[in-house]
Amino acid sequence: QVQLVESGGGLVQAGGSLRLSCAASGRAFSSYAMGWFRQAPGKEREFVAAISGRGGTTYYADSVKGRFTISRDNAKNTVYLQMNSLKPEDTAVYYCATQPIAARWVVVNTASEYDYWGQGTQVTVSS
């Protein structure tokens, strides 16, 4: 059974940084693309960033490009999201997710294309 566990969220002032982690188990981690999404109160879940299985390809939402960096350590079965220059509008619950098919890199910015999700970690950015 696939399990994803996020950590690293918290309260930070605008302009600050946080690094989120997502530890995965139950699947050949390096074969699957991973994504980060977020959901603010009253809003739909939105795409943040995605990374291919080997880590060679990444993709970002325009709203975080240049501020956030997604990476992965396949030896540790962990994907990261480094968030810099945080803004109050980044406040949300952040989720990691995994694509359902090995080596797949298709529609990575769409939540319905992912099959397993973590429980989420809260990020709050104060102004």
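Placed above this text is the structure.
The structure contained in this document is the topic of the report that follows.

Reading the values: rules and limits
- Residues numbered from 1 in each chain as written.
- Predicted model: local features only at pLDDT ≥ 70, side-chain atom pairs only at ≥ 80, totals over all residues.
- Heavy atoms only, no water.
- Helix = DSSP H or I, 4+ residues; strand = E, 2+ residues; numbered from the N terminus.
- Rg over C-alpha atoms; globule rule 2.2 N^0.38 Å.
- Contact = heavy atoms within 4.5 Å.
- Areas by Shrake-Rupley, 256 points an atom, 1.4 Å probe, with all protein chains shown as cover.
- Lys, Arg positive; Asp, Glu negative; His and termini not counted.
- Charge placed at Lys NZ, Arg CZ, Asp CG, Glu CD.
- Buried < 20%, exposed > 50% of the residue type's maximum accessible area, 1.4 Å probe, protein only.
- Pairing = 2+ DSSP bridges.
- Axes fitted to C-alpha atoms, helices over the stretch in contact; angles between N-to-C directions.

1. Description of the overall build of the protein chain
A count of helical and extended segments in the protein chain gives zero helices and eleven strands. Reading the helices (α) and strands (β) of the protein chain from amino to carboxyl end gives β-β-β-β-β-β-β-β-β-β-β. For 127 residues, the compact-globule formula gives about 14 Å, and the C-alpha radius of gyration of the protein chain, at 13 Å, lands near that figure. When contacts within the protein chain are restricted to residue pairs at least 6 apart in sequence, long-range pairs at least 24 apart make up 59% of them. With an accessible surface of roughly 6300 Å², the protein chain has 47% of that area assigned to carbon and sulfur atoms. Between the mean site of the 12 positive side-chain charges and the mean site of the 9 negative ones, the protein chain shows a separation of 5 Å.

2. Concerning the environment of glutamine 1
Here glutamine 1 is to be found in the segment before strand S1 (3–7). Taking relative accessible area as the criterion, glutamine 1 reaches 81% and is therefore assigned exposed. C-alpha separation for the pair glutamine 1 and cysteine 22, spaced 21 residues apart in sequence, amounts to 16 Å. In this structure glutamine 1 touches Ser25 and Gly26, once residues within four positions along its chain are discounted.

3. Some remarks on the sheet that holds strand S3 (residues 18–25)
Strands in a sheet are paired, the pairing made by backbone hydrogen bonds, and the direction either parallel or antiparallel. Taking strand neighbours across the sheet as the criterion, the four strands line up as S1-S3-S8-S7 in an open arrangement whose pairing is antiparallel. Looking at which strands have only one partner, the edges of the open sheet turn out to be S1 and strand S7 (68–73). Here the strands of the sheet are splayed against their neighbours by 15 degrees on average, with no regard to which way each runs. Of the pairings in the sheet, the one linking S1 to S3 comprises five bridges and is antiparallel in character. Its bridge partner being in S3, valine 5 is matched across the sheet by alanine 23.

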